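# Residue-level structure breakdown
These are the residues of each chain, in order.
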Amino acid sequence: MQFSESLKKNYQFQHVYREGKSYANKYMVMYLVENNSEKNRLGICVSKKVGNSVVRHRITRLIRESYRLHENIFNSGLDIVVIARKSAASVSYQEMESALLHLAKLHHIIKIFFYES
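Notes on the structure follow.

Reading the values: rules and limits
- Residues numbered from 1 in each chain as written.
- Predicted model: local features only at pLDDT ≥ 70, side-chain atom pairs only at ≥ 80, totals over all residues.
- Heavy atoms only, no water.
- Salt bridge = Lys/Arg side-chain N within 4 Å of Asp/Glu carboxyl O.
- Helix = DSSP H or I, 4+ residues; strand = E, 2+ residues; numbered from the N terminus.
- Buried < 20%, exposed > 50% of the residue type's maximum accessible area, 1.4 Å probe, protein only.
- Expected span 1.5 Å × (residues − 1).
- Arc of directions from axis to C-beta.
- Phe/Tyr/Trp six-rings, centres within 6.5 Å; stacked < 30°, edge-to-face > 60°.
- Polar contact = N/O pair within 3.5 Å; in protein donor to acceptor, adjacent residues only side chain to side chain.
- Contact = heavy atoms within 4.5 Å.
- Pairing = 2+ DSSP bridges.
- Axes fitted to C-alpha atoms, helices over the stretch in contact; angles between N-to-C directions.

Attention shifts here to the pattern of salt bridges. Applying the stated rule across the entire model yields three salt bridges. A salt bridge links Glu5 to Lys39, with the shortest nitrogen-to-oxygen separation between them at 3.6 Å. Here Glu5, found in strand 1 (residues 5-6), pairs with Lys39, found in the loop between strand 3 (28-34) and strand 4 (41-45); they are 34 residues apart in sequence, far enough to count as distant. The exposure class assigned to Glu5 is partly exposed, which follows from its relative accessible area of 38%.

As structure tokens, this is what we get:
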């Protein structure tokens, strides 16, 4: 089981934005770049435009938990930045999880195919 770290510094986010490839859906944008290590690093960005601090922290928790529960199916050695869109303010956990996995499939970073029942 791999455990990811967080992207915390501005220069780390800037590197992913500059060098990475992005895909987007209704609720979020995902940037991705290889980091030449064994671990993934996850950065989450939720702007003040999305909502107040309660809303922003809720979205952050939903994204982090969605990633944590499915971390074992993600390829390793990646820096991932997820940017929440305004439409994510009122979504459920299931919708957030589905949106995250959808973007991961577009990036081809999921090891196994995942079918929802």
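Read on for the rest.
Turning our eyes to something else, we now look at helix 2 (residues 53-70). For helix 2, with 18 residues, the first-to-last C-alpha span of 26 Å sits near the 26 Å given by 1.5 Å per residue. Taken as a whole, helix 2 has its buried residues at Arg56, Ile59, Leu62, Ile63, Ser66, Tyr67 and His70. End-on view of helix 2: buried residues confined to an arc of 125°, all on one side of the axis. Relative to its buried face, helix 2 has exposed residues pointing more than 90 degrees away, namely Val54 and Arg61.

Another point: the packing of aromatic side chains. On inspection of all chains with the given rule, the structure shows three aromatic pairs. These aromatic residues form a ring-pair network of at least three members: Phe13, Tyr17 and Tyr31.

By the element assignment, Asp79 lies in strand 5 (residues 78-84). Using a relative accessible area of 2% as the deciding quantity, one classes Asp79 as buried. Side-chain polar atoms of Asp79 contact the side chain of Asn35, separated by 2.8 Å. Here the side chain of Asp79 touches Arg41 through a polar contact of 2.7 Å, side chain to side chain. Not counting chain neighbours up to four residues away, the residues in contact with Asp79 comprise Leu7, Val16, Tyr31, Leu32, Val33, Asn35 and Arg41.

Take the environment of Ile73 next. With respect to the helices, strands and loops of the structure, Ile73 is situated in the loop between helix 2 and strand 5. Placed 31 residues apart in sequence, Ile73 and Ala104 show a C-alpha to C-alpha distance of 10.0 Å.

Bringing the sheet that holds strand 5 into the picture now. The sheet built from five strands is open, its strands ordered 1-4-5-3-2 with mixed pairing. Sheet topology places strand 1 and strand 2 (21-24) at the edges, where each strand pairs with a single neighbour. Bridge count between strand 1 and strand 4: two bridges; the pairing is parallel. Residue Glu5 lies in a different strand from strand 4, and its bridge partner there is Arg41. Sitting on the sheet, helix 2 is in contact with strand 1, strand 3, strand 4 and strand 5, with an inclination near 155° to strand 4. Along the sheet face, helix 3 (residues 93-107) touches strand 2, strand 3 and strand 5 and points at about 40° away from the line of strand 3.

Treat this as a map of the structure, not an account of what it does.
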